[in-house]
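Listed below are the residues making up each chain.
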Amino acid sequence: MKLVVLVKHVPDEIVDRPSSAAVFAADMTVDRAQLTGRLSEADEYAVEQAMRIARRRLDVQITAVTMGPPEAIRTLTRALALGADEGVHIVDEALHGSDAQATSRVLAAALARCGFDLVICGVASTDSGMSVVPAMVAERLGVPSVCEADGVWADPGWADGDVIVARREDGDHIEDFAVPMPAVVSVTDRVGEPRYPAFQAIVEARQKAVRTWSLANLRIPADEVGLAASASPVRRVAPHAARRPALLVEGEPDAAAARLARYLTEHQLI
């Protein structure tokens, strides 16, 4: 069984600037040169889910795939330390500024090339939070998808062959979706807390195989991806309005309650 986990290299913190400052380049894309990056937190849950499936079977190989700049190798190394067996890094200067549509096309081409039984993704990246790429990838590949799953397991005993079962929980309501593989599933943070990699796993991750693919390897024309080909370009960036200062009411309980009630009344909040 071949599991592929899609992982994303996302901005972690702004270097030499206040954490609240937005960093954009002249073309209105995130200026990643001024940012450090890391594996998206949501994708750590995806790697963990892949590891849990692998523990129940003997025939599982886990491949981590990322599309990003050269420094995204750090994200792949983290995924390998968390348990992935190998990595694929899609890197090409022409990919700069790609929107969700272009990203899904590139990832789908990479998945078709490396082969898969099950693709697992985080529910949304922590930098954009769109939650659309998993469904787009599945559509391009012509395979079923289940998004926002709270639990996933493979069922080899299904009458029609290998089937993946994805569970969604909403309070007292539980839904189980059984879909034939190959398939794409995105998972929430309810699937299980990601493990912290042991020191030995971190060391071994640097020795695991990572393949580097360009657009030419995937046979995708450079002018069909990237900023120029994106359907959703950013035209303008404006800072978010600062929050008003908080009001701290101190003093004896009765007097403080009276001042708070007066404040809420004056501002038409009650």
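A. A look at the packing of aromatic side chains. One pass over the structure, following the stated rule, counts 0 aromatic pairs. For Arg113, the ring lying beneath its charged end belongs to Trp213, and the centroid distance is 4.5 Å.

B. Looking closely at the side chain of Ser98. Relative to the helices and strands, Ser98 resides in the loop between β5 (86–90) and α3 (100–114). Only 2.8 Å separates the side chain of Ser98 from the backbone oxygen of Leu95, close enough to count as a polar contact. Other than its neighbours up to four places away in sequence, Ser98 contacts Met67, Thr103, Val225, Gly226, Leu227 and Ser230.

C. Spotlight on the nonpolar core. One finds Leu3, Ile53, Ile62, Leu118 and Ile164 to be the most contacted residues of the largest nonpolar core, which totals 36 residues. In terms of residues, this core owes the most to one element, helix α1 (residues 41–55), which gives 7 residues. Not counting the four nearest positions on each side in its chain, Ile164 is found in contact with Ile53, Leu118, Val152, Trp153, Ala154, Phe177, Ala178, Val179, Met181 and Ala183. Core analysis: the next-biggest nonpolar cluster, separate from the first, contains 26 residues, Val4, Ile90, Leu111 and Val225 among them.

D. Focus on the state of the cysteines. Going through the model one piece at a time under the given rule, you end up with 0 disulfides. Between Cys147, a cysteine without a disulfide, and Cys121, which holds the nearest cysteine sulfur, the sulfur-to-sulfur distance is 8.1 Å.

E. Spotlight on the sheet that holds strand β9 (residues 163–170). Within the open sheet, the 3 strands sit side by side as β8-β9-β10. Their pairing is antiparallel. Sheet topology places β8 (151–155) and β10 (173–180) at the edges, where each strand pairs with a single neighbour. Averaged over all neighbouring strand pairs, the angle between strand axes comes to 20 degrees, with direction disregarded. As paired strands, β8 and β9 are joined by 5 bridges and run antiparallel to one another. From the neighbouring strand, Trp153 faces β9, where its bridge partner is Val165.

Definitions and cut-offs
- Within any chain, residue numbers begin from 1 and follow the written order of that chain's sequence.
- Predicted model: local features are reported for residues with pLDDT of at least 70 only, side-chain atom pairs are reported and counted for 80 or more only, and whole-chain, interface and lining totals are derived from all residues.
- As a convention, hydrogens and water are excluded, and side-chain values are obtained from all of the structure's heavy atoms.
- Ring pairs shown here join Phe, Tyr and Trp side chains whose ring centres sit within 6.5 Å, with only the six-membered ring taken for Trp; geometry is labelled stacked below 30 degrees between planes, edge-to-face above 60, and tilted in between.
- For a lysine, the NZ atom is tested; for an arginine, the CZ atom; a charge sits over a ring if that atom is within 6 Å of the ring centre and within 35 degrees of the ring normal.
- Each helix is a run of DSSP H or I of at least 4 residues and each strand a run of E of at least 2, with the numbering of both proceeding from the N terminus.
- Residues adjacent in sequence count toward polar contacts only when both atoms are side-chain atoms; beyond that, a polar contact is any pair of N or O atoms within 3.5 Å, and within protein one must be able to donate a hydrogen and the other to accept it.
- Note on contacts: a residue pair qualifies if any of its non-hydrogen atoms lie within 4.5 Å across the two residues.
- As used here, the term nonpolar core means buried Ala, Val, Leu, Ile, Met, Phe, Trp, Tyr and Cys residues forming a set that is joined through side-chain atoms within 4.5 Å.
- For every residue, the accessible area (1.4 Å probe, protein chains only) is compared with the maximum for its type, and the residue is labelled buried under 20%, exposed over 50%, or partly exposed between those bounds.
- Note on terminology: disulfide denotes any pair of cysteine sulfur atoms within 2.5 Å.
- Being paired, for any two strands, means DSSP has found at least two bridges between them.
- Angles shown run from 0 to 180 degrees and are taken between the N-to-C directions of axes, each axis being a line fitted to C-alpha atoms and, for helices, limited to the stretch in contact.

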